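# Structural features, examined
Listed below, chain by chain, are the residues.
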Amino acid sequence: MNRVIFFRVAFVLAVVWPLAPSRAQLPAFRFEVITTKEGLPSNTVLSAKRDHTGFMWFGTRLCPVRYNGATFQSFREPETNFVTSLAIDKDDNIWFASDRSGVCRIDAQRMKMDSLPHTTENIQTGDFFIDSNGTGWFSNRFGVNRLDLKTNVLKHYPFTQTNFVWNKASFAEDADHTLWAIGRDNGLFRYDAKKDSFICVWGSDCKDPARRELIMQNKAYADKDGFLWIASFNLGLIRYNTRTDERDIFETERLIKEVRAVEEGVDEYGRRIFWVGDEHGLGIFRPDQKKFYYFHNIIEEPYEVYDIFRDPEEGIVWVCTSKGIIKYHPHGNIFQARALPRELVRHPVDVNVILSDKRPGQDNIHYLGLSHTGMIRWDRSTDKFLMIPYPAATADTRWMAQRNDGTIWIGTNRGDYVRPGIFVYDPDKEKFVTSPLSNLANTFFSVPFFMNGGFDSQNRLWIGNSDEGIHVLDAEGQKDESPWSAAVQHAVFSNNNLMTSMLMDSKGRTWLGTYNGVIRADERQAKFLSPDSSILPKSIADWAVTSMMEDRQGNIWAARWGSLTQMSGEGKLITAFTTANGFYDRENRGLVEDRSGNLWMGNYEGLYCIHPESKRILRFTTNDGLVSNNTAGRIGLSNDGRRLFIGQINAFNFVNVEQLLRPSEAPPLAISSFKVHEQERYPDFNKRIVLDRADNTFSVDFISLNYRKHQDNQYAYYLEGFEKEWHASGSEHQAYYTNLNPGTYTLHLKAGDAFGNWNYGTLTMKVEVLPAYYETWWFKTLMVLIVAALLYALYRYRINQLLHLQNIRNRISADLHDELGSSLSSISIMGAMAQTNLASQHPSKPMLERMVEEIRQISGTLDDIVWNISPKNDSLSNLIARMTRYASELFEAKQINFRYTLPEHLEQMRLSMEQRRNFYLIFKESVNNLVKYSCCTEAFINIAIENKNLLLTIGDNGKGFDPEAASDRNGLQNLRVRADNLKGKIEIRSTPGKGTTIVLKFPLRLGDPNGLLTISPE
């Protein structure tokens, strides 16, 4: 944060009021001091300028820097040193003449600094200036130079050489667009554009002897009226009329009559002033008085002023000094301050009460009730004070009220315990008066402590003491009309339940603030009623009331210790604020309502503005111009509700509330930094910013270039395409995003003030994150094509493998059939022939018969193998046809009645060779066993497809058997092994004498390429 220096008005303005009443001559300005602690590369600051975007640029002893209100950006390459002046061209490029690298330019787009080589022959240059024609000018030790900014063509204009060894001149352009060279010791020169030459009109080089004199000049300011205001080392401030050639010299009245810098401005009232600086500090010159006034204690140590720049748009004044930058922001003086001159009243003194005069035409008159001596009459229109002493100097003002007759009634605490304690002042007669009512009022209470008082709608005077209760005095009858007995009041205000405030509302009700909470004084019932006990939430533990107020809706507000409550006129709680809402201190004291319905409350840690509808609370402190943060109980309001007054010690503050809370104009919002992975980049923000996939993490620093306090600005942003809602970041002004996916985004940025008023326009920046090569459409398309090609290659490879396998199977099948099958057939035939030729009793005949039978079985088995290997038999329909043919032959041979149940649509279904083999052998074994051992007369075979499973059922009505009985045969075990190979189950159901049923079930998922397994069996 910037170091803030606020003039303690008691010290600064004491110089202003040598006599009272008088007018202040030194403005009550508040300054900030910016040094190397805030990031300046050097505390020696020589020049200042604002570019068209709104950034401030400063030339320092070390290098030029850019400032956004929060951070500095230094430009150190090439080496420059002593940047004595800065200029901005139409393209927002920064030009300056340096001590080490000649004329340099900072490119506004690239943010890169380059020097012009041909200007470095005489390295020591300075005072760069760009005239209204876009021509550059600068000086060196030998004269001045003209530079064409487009072609870089340079022309030198020599000056007479003297003992002065610094740059010869600075420049200014008057209201008629005439260029002037402000010679350091050669004189004042006018540039004749037609003759392309400089003419000395006054000074050592002037041809007119009458005007030939030594004048030491530094800088000049050209006003709109054709005058040059020249800062002179030896004559003070010079006003030169460029049209009449007349001049006026204003001496500074300092020991050394020098002025080093000058700039036009206005004071807090809008009156014309000139800011001036010299080797001892900063001051102002009032041209209407022709007098200089200097500020003290802005910086504790002595400092020199080198340059003063006033922003023509914002009115901000930047003072370049040997100890850093002094900044005056006119909007930083939110609260104006006035000190009470020591000649007027003895210090210390508190301004306890501020009352605005209600008499017609007296709106600018305000009365300040003091903690001793009396009250001060302040005329805001003339800024004059008049001391009005009380009849007793020890009286401490507690309240002030103005009656319809214009008289001002003042309640005080008399520390000397001497009556009277209530005074009546007649502003028309300009003196204190007494009346029967005031005489009556001064008789009450044991001591003259009249802490609370005022008049109700019936013109009755109410007075109250903290622990002795209240009295209601009738002005006409001159009597006490209080309906409450002393005993009733004692019961209420005893036990340290002190009364702190009194309120007469618009409906004639009276409310009292006490340590035990709010009390309503009911005159009809002669009672004191306490609504707090039934309405206050548990979050409010301390009920003590310090101040009360009625708003325009008739609601009653009570400032309490640690809270602020609002209740209806009937005593029902409406809302409550606590320290959790933003009160920095518990002792809340003092309440007023402005004409816009905002509430103002004070405590020891600042002044608070409460907006009841939005429940928004704003806090103001010394950073905003308050003399001190202690504003408890010292708040007043003008009659029209537009101006707020805050009493202070030895001073007071005031502010135009409407101007304070009025939405400020949208400040210029600019992007001051764009970083990718924390590396600074300088893209063109008017164009789409394109980032590589690896650069998808970036941050944007954006800021309001209004140069207010950090907390006075609020920021928000959102990235369209990534998020949908604004992200409010408070006073932080950086947007940061990481790991963004490829795509196009729009970053929206906006700013507002501390009061929640956002600018209507937003700053946008388009960002495109490019996809990585593997995320591009062409890469994805290529990958799809490659995968498709690989899949097709795999498919073709598989097809070729299958075709190759089929060829092998066909060849094996053919070879087995043609070679082995034919050989077995030949052997079988020869065996049969040999068997025929042998006698029936020949000993070899049985062996020959067995051989023939074995050959027939081998031939049958070989036939099954050949059939199974052949690819043409892969379909399930061919397999079932073979199975039914095999079974039919056996059943018919044994004269067994049989039936088949077969599914349809089997042509496209396939089984693997292994599946066919196991399935067929299970079927063959089962049928063979049925024919050989069942002794049945009937049999059935069912083949079905259920839930993508093949179901085979074989049954008979034979003699049956016990499946669990021990057996030396392998048939049943083989059936189970083949069923396991099929990933299925086989179930044998048999009971002796009741037949046998064999059920085989195995999955067909590998055998349904065309999805036909969804067909349900009949």
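Residues numbered from 1 in each chain as written. Predicted model: local features only at pLDDT ≥ 70, side-chain atom pairs only at ≥ 80, totals over all residues. Heavy atoms only, no water.

Looking at an unreviewed UniProt entry, one finds the chain named Histidine kinase domain-containing protein, with Chryseolinea lacunae as its source organism.

On to the overall build of the chain, then. Looking only at helices and strands, the chain has 10 helices and 71 strands in total. Here the chain, with 1018 residues, has 53% of them falling under the buried criterion. Contacts spanning at least 24 positions in sequence make up 52% of the contacts within the chain whose residues lie at least 6 apart. With the model as given, the accessible surface of the chain reaches about 48,200 Å², and the carbon-plus-sulfur share is 49%. (Helix = DSSP H or I, 4+ residues; strand = E, 2+ residues; numbered from the N terminus. Buried < 20%, exposed > 50% of the residue type's maximum accessible area, 1.4 Å probe, protein only. Contact = heavy atoms within 4.5 Å. Areas by Shrake-Rupley, 256 points an atom, 1.4 Å probe, with all protein chains shown as cover.)

With that out of the way, let us pick up the UniProt feature "transmembrane region" (unreviewed entry) in the chain. Per the UniProt record, "transmembrane region" (unreviewed entry) is found at residues 777-795. Helix makes up 100% of residues 777-795 and strand 0%. Its end C-alpha atoms lie 26 Å apart. (UniProt positions renumbered as here; feature names shortened; annotations may be inferred.)

Applying the stated criterion across every chain, the model contains 74 aromatic pairs. On the basis of an interplanar angle of 45 degrees and a centroid distance of 4.7 Å, the ring pair of Phe 285 and Phe 292 is categorised as tilted. Residue classification places Phe 285 among the buried residues on the basis of a relative accessible area of 0%. Residues Tyr 717 and Tyr 737 carry aromatic rings whose centres are separated by 6.1 Å and whose planes lie at 85 degrees to one another, so their mutual orientation is edge-to-face. Remark: Tyr 737 occurs in strand β64 (residues 734-737) and Tyr 717 occurs in strand β62 (residues 713-720); sequence separation between them is 20 residues. Residues Tyr 717 and Tyr 737 agree in their burial class; the two are buried. By the ring-pair criterion, three or more aromatic residues cluster together here, those being Phe 129, Trp 137, Tyr 157, Phe 159, Phe 171, Phe 189, Tyr 191 and Phe 198. Stacked on the ring of Phe 55, the Lys or Arg Arg 66 has its end atom at 4.0 Å from the ring centre. The positively charged end of Arg 247 is found above the aromatic ring belonging to Trp 202, 4.2 Å away from the centroid. (Phe/Tyr/Trp six-rings, centres within 6.5 Å; stacked < 30°, edge-to-face > 60°. Lys NZ or Arg CZ within 6 Å of the ring centre and 35° of its normal.)

The strands making up a sheet are joined through hydrogen bonds of the backbone, oriented either antiparallel or parallel. Taken in spatial order, the 4 strands of this open sheet run β43-β44-β45-β46, and their pairing is antiparallel. Lying at the two open borders of the sheet, with one neighbouring strand each, are β43 (499-504) and β46 (527-529). Across the sheet, the mean angle separating the axes of adjacent strands is 25 degrees when strand polarity is ignored. Where β43 and strand β44 (residues 510-514) come together, 5 bridges link them in antiparallel fashion. Pairing of Met 499 across the sheet is with Thr 514, part of β44. Sheet strands touched by helix α3 (residues 486-493): β43, β44, β45 (517-522) and β46. Its angle to β46, the strand with the most contacts, is close to 25 degrees. (Pairing = 2+ DSSP bridges. Axes fitted to C-alpha atoms, helices over the stretch in contact; angles between N-to-C directions.)

The next thing to look at is the pattern of salt bridges. Tallied over the full model, the rule gives 45 salt bridges. Across the salt bridge formed by Arg 359 and Asp 428, the nearest N and O atoms sit 2.6 Å from each other. Separated by 69 residues along the polypeptide, Arg 359 in the loop between β31 (351-356) and β32 (365-370) and Asp 428 in the loop between β37 (422-426) and β38 (431-433) bring together distant segments of the chain. For Arg 359, a relative accessible area of 14% translates into the label buried. On the accessibility criterion, Asp 428 (54% relative accessible area) is exposed. (Salt bridge = Lys/Arg side-chain N within 4 Å of Asp/Glu carboxyl O.)

Below, the discussion takes up the nonpolar core. Core analysis: the biggest nonpolar cluster contains 53 residues, and Phe 58, Trp 318 and Phe 698 have the highest contact counts within it. A total of 5 residues in this core trace back to one element, the largest contributor, which is strand β58 (residues 669-676). Once residues lying within four places of it in the same chain are set aside, the contact partners of Phe 698 are Phe 674, Lys 675, Val 676, Leu 691, Ala 735, Tyr 736, Tyr 737, Leu 740 and Val 767. Counting residues in each nonpolar core, the second largest holds 36 residues, with Tyr 920, Val 931, Ile 941 and Leu 975 among its members. (Core = buried A, V, L, I, M, F, W, Y, C linked by side-chain atoms within 4.5 Å.)

Attention now moves to helix α9 (residues 913-933). Over its 21 residues, α9 extends 30 Å from the first C-alpha to the last, a length consistent with the 30 Å expected when each residue adds 1.5 Å. A positive phi of about 55 degrees marks Cys 935, the residue just after α9. (Expected span 1.5 Å × (residues − 1).)

In space, the 4 strands of this open sheet follow the order β19-β20-β21-β22, with antiparallel pairing throughout. Among the strands making up the open sheet, the edge pair consists of β19 (217-222) and β22 (247-250). Across the sheet, the mean angle separating the axes of adjacent strands is 20 degrees when strand polarity is ignored. In this sheet, β22 lies alongside strand β21 (residues 236-241) in antiparallel orientation, the contact comprising 4 bridges. If you follow Leu 237 over to β22, its bridge partner there is Phe 250.

Together, Tyr 773, Tyr 774, Trp 777, Trp 778, Leu 782, Met 783, Ile 786 and Leu 790 make up an exposed nonpolar region whose accessible area comes to about 900 Å². Counting through the fold element by element, Met 783 comes out in helix α6 (residues 777-837). (Patch = residues over 30% accessible without salt bridge, like charges linked within 9 Å, V, L, I, M, F, W, Y side chains within 5 Å.)

As a further point, take helix α10 (residues 971-981). All buried positions along α10 are accounted for by Gly 971, Leu 975 and Ala 979. Down the axis of α10, the buried set is contained in an arc of 80 degrees. They therefore lie on one face. Structurally, α10 contributes buried residues whose contacts are with α9, β70 (985-990) and β71 (996-1003). Once α10 finishes, Lys 983 follows within two positions and takes phi at roughly 60 degrees, a positive value. (Arc of directions from axis to C-beta.)

Before going further, it helps to spend a moment on the side chain of Thr 578. Residue placement: Thr 578 occurs in strand β50 (residues 573-578). Setting aside residues no more than four positions away along its own chain, Thr 578 makes contact with Ile 540, Gly 562, Ser 563 and Phe 583.

On to the packing of helix α8 (residues 876-893) against α9. At their nearest, the axes of α8 and α9 sit 10 Å apart, and the two run at 15 degrees to each other. Looking at the two axes, α8 sits roughly parallel to α9. The interaxial crossing formed by α8 with α9 has right-handed handedness. Touching Leu 879, Arg 882, Met 883, Tyr 886, Ala 887, Leu 890 and Phe 891 of α8 are Arg 916, Phe 919, Tyr 920, Phe 923, Lys 924, Val 927, Asn 928, Leu 930 and Val 931, all from α9. The residue inventory of the contact of α8 with α9, partitioned by class, reads 12 nonpolar, 1 polar and 3 charged. (Parallel < 35°, antiparallel > 145°, perpendicular 65-115°, else oblique. Left-handed = near helix turned anticlockwise from the far one by under 90°. Nonpolar A, V, L, I, M, F, W, Y, C, P; charged D, E, K, R; others polar.)

Of all residues in the chain, 89% attain a pLDDT of 70 or more, and the chain-wide mean is 87. Ignoring residues within four places in sequence, the model shows residues 1-24, a span with pLDDT below 50, making 75 contacts including any to other chains. Note on residues 1006-1018: pLDDT is under 50 here. Beyond four places in sequence and across chains, it has 17 contacts. (pLDDT = per-residue confidence, 0-100.)

Attention shifts here to the side chain of Asp 174. Counting through the fold element by element, Asp 174 comes out in the loop between β15 (169-173) and β16 (179-183). Despite its burial, Asp 174 pairs with no opposite charge; the closest candidate is Arg 243, at 6.8 Å N-O. Among the polar contacts made by the side chain of Asp 174, one reaches the main-chain amide nitrogen of Asp 176 at a distance of 2.8 Å. Leave out the neighbours within four places in its chain, and Asp 174 touches Trp 180, Ala 222 and Thr 242. (Lys, Arg positive; Asp, Glu negative; His and termini not counted. Polar contact = N/O pair within 3.5 Å; in protein donor to acceptor, adjacent residues only side chain to side chain.)

Mapped onto the fold, Ala 728 is located in strand β63 (residues 727-730). It is 8.8 Å that separates the C-alpha atoms of Ala 728 and Tyr 718, two residues lying 10 residues apart in sequence. Excluding its chain neighbours within four sequence positions, the residues that come into contact with Ala 728 are Tyr 715 and Ala 716.

What follows is about the environment of Gly 102. With respect to the helices and strands, the residue Gly 102 is situated in the loop between β8 (94-97) and β9 (103-106). Relative accessible area serves as the criterion here: at 0%, Gly 102 is assigned to the buried category.

Our focus in this paragraph is the pairing of strand β24 (residues 272-278). For a regular strand, side chains alternate in direction, first toward one face of the sheet and then toward the other. Of all 7 residues in β24, 6 are buried; the element is thus mostly enclosed. Relative to β24, strand β23 (residues 261-266) is paired through 6 bridges, and the arrangement is antiparallel. Bridge pairing in β24 places Ala 261 opposite Gly 277. In textbook terms, the turn of a hairpin is the stretch between consecutive antiparallel strands, and for β23 and β24 this stretch comprises 5 residues, one of which, Gly 270, has a positive phi near 85 degrees. Sheet analysis places β24 next to strand β25 (residues 281-286), joined by 5 bridges and oriented antiparallel. Along β25, the bridge assignment pairs Asp 278 with Gly 281.

Turning next to the packing of α9 against α10. Packed helices, taken two at a time, are described by the angle their axes make and the gap between the axes. Two numbers describe how α9 lies on α10: the axes approach to 9 Å, and their chain directions differ by 155 degrees. The angle between α9 and α10 falls in the class roughly antiparallel. The chirality of how α9 crosses α10 is left-handed. Residues Arg 917, Asn 918, Leu 921, Ile 922, Glu 925 and Ser 926 of α9 touch α10, and the partners they reach there are Gly 971, Leu 975, Arg 978, Ala 979 and Asn 981. Its residues assigned to classes, the contact of α9 with α10 shows 4 nonpolar, 4 polar and 3 charged.

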